[in-house]
Amino acid sequence: MITLKQVHKYYSVGKNKLHVLKGLDVDIQEGELVSIMGSSGSGKSTMLNILGILDDYDEGEYHLNNTLIQNLSAKKAAYYRNRFLGFVFQSFNLLSFKTAQENVALPLYYQKVGRRKRNKLAMEYLEMVGLSDRADHTPSELSGGQKQRVALARALISQPKVILADEPTGALDTQTTQEVMDIFKEVHRKGITVVIVTHENEIAEQTDRVIRLRDGIIESDKVKQEELTVKE
Amino acid sequence: MFDLDKWNEIYATVKKHKLRTFLTAFGVFWGIFMLIVLLGAGRGFQNGVEESFDVAKNAVFVWSRRTSEPYKGLKVGRRVQFTNDDVKAIRNEIPEVDVIAPRNGLGGGFSVNYKTKSSSFEVNGEYPDFLKVRPAEVIAGRFINMLDIEQKRKVAVIGERVQEVLFEEGEKPIGKYIRIRGISFKVVGISRGKGDSEDIKEAAETIIICNTALQQAFNQVNKVGFFAFTPKEGIPAVVIEDKIKALLAKRHSIAPTDKKALGSANVEKEYARVQGLFFIIGAFSWFVSIGTIIAGAVGVSNIMLVIVRERTKEIGIRKALGATPWSIISLILQESIVITALSGYFGLLAGTALMEFINSMGVKGNFFANPEVDMTIAVSALATLIVTGTFAGFIPARKAARVNPVEALSDE
Ligand SMILES: Nc1ncnc2c1ncn2[C@@H]1O[C@H](COP(=O)(O)OP(=O)(O)O)[C@@H](O)[C@H]1O
Ligand SMILES: [Mg+2]
C-alpha cells in the first residue's frame with residue numbers, strides 16, 4: 001500500500017539546508033497497523049506529511065496504492081488526499097464554526113456528494129464513534145476526546161485506504177486515549193491501513209509494527225507477532 | 001459554484017466582521033450611488049436642454065441685412081430683400097435642401113381685435129412646412145395648408161394666450177373672424193409651442209397666418225423676410241447653409257466678401273456643441289464613479305486578504321480533506337463578489353430611488369428635466385460591479401489557493 005524508497009527531505013533554514021529525512025525505506029502492506037516512534041525532531045511528522053501528500057520530498061520514490069506520488073498537480077494531490085487518505089491530528093483541526101456533523105460531512109462535500117446524503121452518512125459515522133447525540137455541537141462544546149472522535153469520523157467518512165494520525169492522543173488523558181485507540185483498532189479490523197505517529201509506548205504496544213526514527217534514519221522496524229496473536 | 005454551504009460560510013464570515021464588512025461595502029455602495037446619481041443628473045440636464053430646443057435639430061435660418069461693401073456699382077448700405085423667386089431658385093439649384101419655409105413678419109404697431117376686445121400680438125406669415133422646422137402641437141382645428149397658400153386664404157392659427165385675451169371663456173374661436181390691422185382673418189386652429197417655458201410663452205402670444213395672404217393683404221407682395229431650411233437626411237446643415245448663402249448673394253448682387261449682408265444661424269452646430277458638452281459630463285461622471293468603485297474594491301480586496309490570513313488554518317484543513325485549489329479560490333472569490341455585488345446593488349437602488357424621488361417632485365427648470373436611470377446605465381454599473389468584485393477577490397483568492405497545508409496546520 002505504502003512504499004518509500006530512499007526518500008530524502010531537506011528543509012531550507014535561511015541559507016542552510018537541513019537534512020531531515022535521510023533515505024527512508026519503508027514498505028507498509030494493506031491493512032497493517034503501524035506506529036512510528038522517535039524523539040522530538042526525528043522527522044516523524046515530516047514523514048507522515050509526505051505520506052499524506054501534504055508535503056513533497058526531494059529524493060527517492062513514494063508509491064501509494066501502486067501510484068508514484070511525485071510532482072503532482074495541486075488538483076491531483078487534492079484528489080488522492082480526498083479518495084485514499086484520512087488524517088487525524090494532535091490538535092484535532094476541526095472547523096470551529098461548523099457542527100460535529102458538518103465537520104464529519106466535509107470530505108464528502110469535496111467528493112460532490114449531495115447535501116442530504118452527506119448529512120446522513122455523517123450521522124452514521126458519528127454513531128460509529130459514539131457521538132450521535134453530539135451531532136449539533138460545535139467543537140468548543142466538546143471535550144478533547146470527543147473532538148478527536150469527531151476527527152476520526154471525519155477521516156473515515158470518505159472510506160480511505162490509509163489513515164494517517166500524527167500524535168492523535170498527544171493532547172488526551174489516559175482514559176480518553178484508550179477510547180480513541182480502541183477506535184483505531186476497530187478501523188484496523190475493517191482492513192484499513194493505519195499509521196500512527198506517537199511517542200507513547202502504550203500506544204505503540206497496541207500496534208502490530210513499530211518503526212523507530214532517529215535523526216531522519218530508520219533505527220528499527222519491528223513486527224510484534226506474539227502480541228498480535230494474543231489480541232486476536 | 002453557488003451552493004448552500006458557501007452561502008453559509010459567507011454569512012458566517014460577514015457576521016464575524018460586521019463593522020469591517022460594512023465599511024468596505026460602503027465604499028462600493030457609494031461608488032455605484034455616485035455613478036447613478038451623476039449619470040442620472042447628467043441625463044436630466046441633457047433632457048432639459050434637448051427639450052429646450054424648440055426647433056428642428058438640423059434647422060438653418062437665413063435673414064437679410066444691409067450690405068457692407070459696394071459691388072457691381074451698387075452702393076454700401078443697400079437693404080437686401082428676399083423674394084418668392086428665391087424660393088424657386090433654391091429649390092431648383094440646391095437639391096440637398098429638404099424644407100424651405102419662408103416667413104414674413106408684420107412690423108410696426110398695430111392691434112388685433114375680436115368684437116370689443118383688442119390687444120397687440122406678434123403676427124407671422126408662414127408656410128405649412130413651418131411645423132417641420134419649429135414643431136408645435138395643433139390642439140384644436142388645423143394648421144395652415146398648401147391650399148391656403150395657393151388661394152391666399154385669410155386664415156389664422158392662434159396661440160392659447162391669444163384665445164384667452166380675445167375670446168370669452170367657453171367661446172370657441174374656430175370659425176370666428178379676428179381683425180388684424182383692420183383686415184379680417186378666419187381662425188382655423190389653435191396651436192401650442194414646444195421647447196422651454198420661454199418658447200412656449202412666446203408661441204402662446206403669436207398669431208400664425210397664411211404667408212401668401214400676409215404678402216397680399218399687407219403690401220408685401222413678392223417679399224420674403226426670413227427663411228428657415230432643413231437639409232435632406234444625411235446631409236450636414238452646414239452644407240446647405242453655405243450653398244444657400246452663396247446662391248442668395250449671387251442673386252442679390254452681394255459681394256462674395258461681404259460677410260454682413262446675410263445673417264444665418266445653424267442649429268446643428270449649436271446642438272453638436274451641446275452634445276459634446278454632455279459627452280464630457282458623462283465621461284467625467286464615469287471617471288469619478290469608477291475611481292470611487294475601484295477604491296471600494298481595493299477595500300474589499302484588503303478585507304478579503306485579512307480574512308484569508310485569519311482563515312489560513314481552516315484552508316489548510318480543507319486542503320488536507322481534499323479541497324481542490326479551484327474550490328478554495330471560488331470560496332474566496334464568491335465572497336468578494338457577493339460583498340461587492342450586494343453593496344453595489346444597494347447603491348443602485350438608492351441612486352435610482354433618489355432619481356425617482358426627484359422625478360416625482362417634478363423638479364423641472366429651463367435646463368433640467370426627467371433625470372433618469374436607463375437600462376444601459378444599470379447594466380453597465382452591474383457589469384462594472386462584477387468585474388471589480390472579481391478583481392477584488394482575485395489576489396486574496398490566489399493567496400488562499402497557495403496556502404501550504406503543512407505550514408497552515410503546524411501548531412505554532
Ligand atoms: N517547515 C520547516 N522548516 C524548517 N525546518 C523544519 C520544518 N518543519 C520541520 N522542520 C525541522 O525538521 C525536523 C523534523 O521535524 P518533525 O518532522 O516535525 O519532527 P517530529 O515530528 O519527529 O518531532 C526538526 O528538526 C524540525 O525543526
Ligand atoms: Mg511532530
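Rules of the game
- Residues numbered from 1 in each chain as written.
- Chains lettered and ligands numbered in written order.
- Predicted model: local features only at pLDDT ≥ 70, side-chain atom pairs only at ≥ 80, totals over all residues.
- Heavy atoms only, no water.
- Contact = heavy atoms within 4.5 Å.
- Buried area = accessible area lost by both parts, 1.4 Å probe.
- Salt bridge = Lys/Arg side-chain N within 4 Å of Asp/Glu carboxyl O.
- Polar contact = N/O pair within 3.5 Å; in protein donor to acceptor, adjacent residues only side chain to side chain.
- Near = heavy atom within 4 Å.
- Areas by Shrake-Rupley, 256 points an atom, 1.4 Å probe, with all protein chains shown as cover.
- Helix = DSSP H or I, 4+ residues; strand = E, 2+ residues; numbered from the N terminus.
- Buried < 20%, exposed > 50% of the residue type's maximum accessible area, 1.4 Å probe, protein only.
- Pairing = 2+ DSSP bridges.
- Axes fitted to C-alpha atoms, helices over the stretch in contact; angles between N-to-C directions.
- Phe/Tyr/Trp six-rings, centres within 6.5 Å; stacked < 30°, edge-to-face > 60°.
- Patch = residues over 30% accessible without salt bridge, like charges linked within 9 Å, V, L, I, M, F, W, Y side chains within 5 Å.

### Describing the interface of chain B and chain A
Link 1 in the chain: Listed per partner, the contact involves 23 residues of chain B and 23 residues of chain A.
Link 2 in the chain: Between chain B and chain A, the buried area comes to about 2,100 Å², and carbon and sulfur atoms account for 60% of it.
Link 3 in the chain: Counting the contacts that link chain B with chain A gives zero salt bridges.
Link 4 in the chain: At the surface where chain B touches chain A, the tally comes to four residue pairs in polar contact (both at pLDDT 80 or more).

### Comments concerning the site of ligand 1
All names here are of chain A.
Link 1 in the chain: Neighbouring ligand 1 are the residues Tyr11, Val13, Leu18, Val20, Ser39, Ser40, Gly41, Ser42, Gly43, Lys44, Ser45 and Thr46.
Link 2 in the chain: Contact between ligand 1 and Lys44: an oxygen atom at 2.9 Å from a main-chain N or O atom of the residue.
Link 3 in the chain: One nitrogen or oxygen atom from the side chain of Thr46 is found 2.5 Å from an oxygen atom belonging to ligand 1.
Link 4 in the chain: Here ligand 1, which alone exposes 560 Å², has 63% of that area covered by the protein.
Link 5 in the chain: Ranked by residue count, the leading element in the shell around ligand 1 is helix H1 (residues 44–51), at three residues.

### Some points on unusual backbone geometry
Across the chain, the bulk of peptide bonds are trans and the bulk of non-glycine residues have phi less than zero.
Link 1 in the chain: Phi at A:Glu167 takes a positive value of approximately 45 degrees, unusual for a residue other than glycine.
Link 2 in the chain: With respect to the helices and strands, A:Glu167 occurs in the loop between strand E7 (162–166) and helix H6 (174–189).
Link 3 in the chain: Given a relative accessible area of 14%, A:Glu167 falls into the buried group.
Link 4 in the chain: For B:Asn222, which is not a glycine, the phi torsion comes out positive at approximately 60 degrees.
Link 5 in the chain: Along the chain, B:Asn222 falls in the loop between helix H8 (211–217) and strand E11 (226–231).
Link 6 in the chain: Accessibility expressed as a relative area gives 30% for B:Asn222, which makes it partly exposed.

### Description of the sheet that holds strand E4 (residues 59–64) of chain A
Residues and elements named next belong to chain A.
Link 1 in the chain: With respect to topology, four strands assemble into an open sheet ordered E2-E1-E4-E5, the strand pairing being antiparallel. A single partner strand is all that each edge strand has here, and the edge strands are strand E2 (16–28) and strand E5 (67–68).
Link 2 in the chain: Pairing of E4 with E5 involves two bridges; the strand directions are antiparallel. The residue bridging Leu64 from the neighbouring strand is Thr67, located in E5.
Link 3 in the chain: Lying on the sheet, H1 is in contact with strand E1 (2–13), E2 and E4; it crosses E1 at an angle near 120 degrees.

### Some words on the sheet that holds strand E3 (residues 33–38) of chain A
Across a sheet, strands are paired by hydrogen bonds formed along the backbone, either parallel or antiparallel in direction.
All names here are of chain A.
Link 1 in the chain: If you walk across this open sheet you meet the six strands as E6-E7-E8-E3-E9-E10, and the pairing is mixed. Strands at the two margins of the open sheet, each flanked by one partner only, are strand E6 (85–89) and strand E10 (217–223). Averaged over neighbouring strand pairs, the angle between their axes works out to 15 degrees when direction is ignored.
Link 2 in the chain: Most of the contacts of H1 go to E7, to which it runs at about 155 degrees, and overall it touches E3, E6, E7, strand E8 (193–197) and strand E9 (209–214).

### Overview of the side chain of B:Thr83
Residue and element names in this part refer to chain B.
Link 1 in the chain: Relative to the helices and strands, Thr83 resides in the loop between strand E1 (60–64) and helix H3 (84–93).
Link 2 in the chain: Thr83 sits in the buried class, given a relative accessible area of 17%.
Link 3 in the chain: Setting aside chain neighbours within four positions, we find Thr83 in contact with Asn222, Val224, Phe227 and Arg251.

### With respect to the packing of aromatic side chains
Residue and element names in this part refer to chain B.
Link 1 in the chain: Tallied over the full model, the rule gives 18 aromatic pairs over all chains.
Link 2 in the chain: Here the aromatic rings of Phe185 and Phe218 are separated by 6.1 Å at their centres, their planes lie at 10 degrees, and the arrangement is stacked. Taken together, the residues span a long stretch of sequence, with Phe185 in strand E9 (residues 183–193) and Phe218 in the loop between H8 and E11 at a distance of 33 residues. The two residues Phe185 and Phe218 agree in class, both being buried.
Link 3 in the chain: Three or more aromatic residues joined by ring pairs form one cluster here, namely Phe22, Phe26, Phe29, Trp30 and Phe33.

### Let's talk about a nonpolar patch on the surface
Link 1 in the chain: Taken together, the side chains of B:Leu19, B:Phe22, B:Leu23, B:Phe26 and B:Trp30 make up a nonpolar region of the molecular surface, amounting to roughly 550 Å² of accessible area.
Link 2 in the chain: Exposure remark for B:Leu23: the relative accessible area of 53% places this residue in the exposed category.

### Side note on helix H3 (residues 100–109) of chain A
Link 1 in the chain: Most of H3(A) sits inside the fold, with nine of its 10 residues counted as buried.
Link 2 in the chain: Each element contacted by the buried residues of H3(A) is listed here: helix H2 (74–84), helix H4 (115–128) and helix H5 (144–157) of chain A together with helix H1 (4–16) and helix H11 (312–320) of chain B.

### Brief notes about the environment of A:Leu24
Residue and element names in this part refer to chain A.
Link 1 in the chain: Examined against the element boundaries, Leu24 turns out to sit in strand E2.
Link 2 in the chain: Taking relative accessible area as the criterion, Leu24 reaches 1% and is therefore assigned buried.
Link 3 in the chain: When the C-alpha positions of Leu24 and Leu213 are compared, they lie 9.4 Å apart, and in sequence the two are 189 residues distant.
Link 4 in the chain: Those residues in contact with Leu24, other than ones at most four positions away along the chain, are Leu4, Lys5, Gln6, Val7, Met47, Leu213, Gly216, Ile217 and Ile218.

### So, H2(A)
Turn by turn, an α-helix covers 3.6 residues, leaving residues three or four places apart pointing in a common direction.
Link 1 in the chain: Looking only at H2(A), the buried set comprises A:Ala77, A:Ala78, A:Tyr80, A:Arg81, A:Asn82 and A:Phe84.
Link 2 in the chain: Buried residues along H2(A) sit against E4, E5, E6, H3 and E7 of chain A together with H11 of chain B.

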